[in-house]
Amino acid sequence: MEATKLTQYLLYQLYHSRVLLHSLQQGAKEEQIHEFRVTLRRIRSLVNLFLGKSLPFPKILKLAMQETNPIRELDVLIDSLSRSKYPKLFKYLLKLRKNNVKSLFTQKYTDKTLVLIDEYSALLSESNPDYLSEILIQKVLTHYQHCLDSYLALEPDADPRTLHRLRIEFKDARYGFEFLEISDLHHCKEVISHCKQLQNTLGAIQDTVNQIDLLKKIYLEFPVPEVKELLQKQKKELQKLKATTQSELSASI
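Now for a quick tour of the structure. (Residues numbered from 1 in each chain as written. Predicted model: local features only at pLDDT ≥ 70, side-chain atom pairs only at ≥ 80, totals over all residues. Heavy atoms only, no water.)

Check the secondary structure of the protein chain and you find 10 helices and 0 strands. Here the C-alpha radius of gyration of the protein chain, 20 Å, is about what a compact globule of 253 residues would show, namely 18 Å. Based on the C-alpha atoms only, the size of the protein chain along its principal axes is roughly 65 × 50 × 25 Å. For the protein chain, the residues scored as buried account for 47% of the 253 residues in total. Look at the contacts in the protein chain between residues 6 or more apart in sequence, and 74% of them connect residues 24 or more apart. When the accessible surface of the protein chain is summed, it comes to about 14,000 Å², and 53% of that surface belongs to carbon and sulfur atoms. If the 37 positive side-chain charges of the protein chain are averaged to one point and the 31 negative ones to another, these points end up 9 Å apart. (Helix = DSSP H or I, 4+ residues; strand = E, 2+ residues; numbered from the N terminus. Rg over C-alpha atoms; globule rule 2.2 N^0.38 Å. Buried < 20%, exposed > 50% of the residue type's maximum accessible area, 1.4 Å probe, protein only. Contact = heavy atoms within 4.5 Å. Areas by Shrake-Rupley, 256 points an atom, 1.4 Å probe, with all protein chains shown as cover. Lys, Arg positive; Asp, Glu negative; His and termini not counted. Charge placed at Lys NZ, Arg CZ, Asp CG, Glu CD.)

In structure tokens form, the structure reads like this:
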């Protein structure tokens, strides 16, 4: 039986994650780690949107993706730094990242994750989920409308966790629309851009909170003035972001 468009798309994403995993063992560059994470997240989003409980995304594969979180947080922090302004911290972060990469991307991690990817690929191939195009489109549109309703219902002082959860839901919608667009089922470039815009708005606060938490941990191990200075700067940035987000939410209600 010929693979459906959904099966083909998911299998390609799984294959791509497999290729990326091999590249991580060789160098684990920032863009490779980010793309590996995004690819697995895209698969998980589409599985949640279309397959529900019939063919759930493996929890252990989700855990393998989450194990890369500390490296991703370091990459984001390193990218945001001026090497000339924070030389000691920059050097420390590069060393910390190198150690984390070496510790995580072992042959054991690679082999274990490859097996998980291959097992889930086999399940998808065997199941070959088949839905009418109209049903796939409706599932994404319904989820997107739910996201919009939730966004409009947000309180101006909504906490970062609530904003982050909604950010993830918009990300699911975006990946759903990207699948529809690439598969030539529904043209939706404008709504994809809208999802990205709202993701950025909702995620800015949580991203800054994560950076503050990371800097606090770093300061315990590396208590230099540079870290303290950046920590104070990020705390001020967080207050600005909260004020800006509150204004945007108030305007949308």
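A cluster of nonpolar side chains, namely Tyr12, Tyr15 and Val19, defines an oily patch on the protein surface of about 340 Å² accessible area. Within the secondary structure, valine 19 sits in helix H1 (residues 5-26). According to the relative accessible area criterion, valine 19 is partly exposed, its value standing at 41%. (Patch = residues over 30% accessible without salt bridge, like charges linked within 9 Å, V, L, I, M, F, W, Y side chains within 5 Å. Salt bridge = Lys/Arg side-chain N within 4 Å of Asp/Glu carboxyl O.)

The next thing to look at is the packing of aromatic side chains. By the definition in use, this model includes 7 aromatic pairs. Both rings, one in phenylalanine 57 and one in tyrosine 120, keep their centres 6.1 Å apart while their planes meet at 75°; by these two values the pair is edge-to-face. Taken together, the residues phenylalanine 57 in the loop between helix H2 (30-51) and helix H3 (59-66) and tyrosine 120 in helix H6 (residues 107-127) connect sequence positions 63 residues apart. Judged by relative accessible area, phenylalanine 57 falls into the buried class, the value being 9%. (Phe/Tyr/Trp six-rings, centres within 6.5 Å; stacked < 30°, edge-to-face > 60°.)

On to the nonpolar core. Residues Phe50, Leu51, Phe105, Phe170, Phe177, Phe179 and Leu180 are the most contacted members of the largest nonpolar core, which totals 76 residues. Among the elements that make up this core, the one with the highest residue count is helix H9 (residues 189-221) (11 residues). Those residues within four positions of phenylalanine 177 in sequence are excluded, and the remaining contacts are Val140, Leu141, Tyr144, Cys188, Val191, Ile192 and Cys195. (Core = buried A, V, L, I, M, F, W, Y, C linked by side-chain atoms within 4.5 Å.)

Keep in mind that these numbers describe shape and distance, not what the molecule does.
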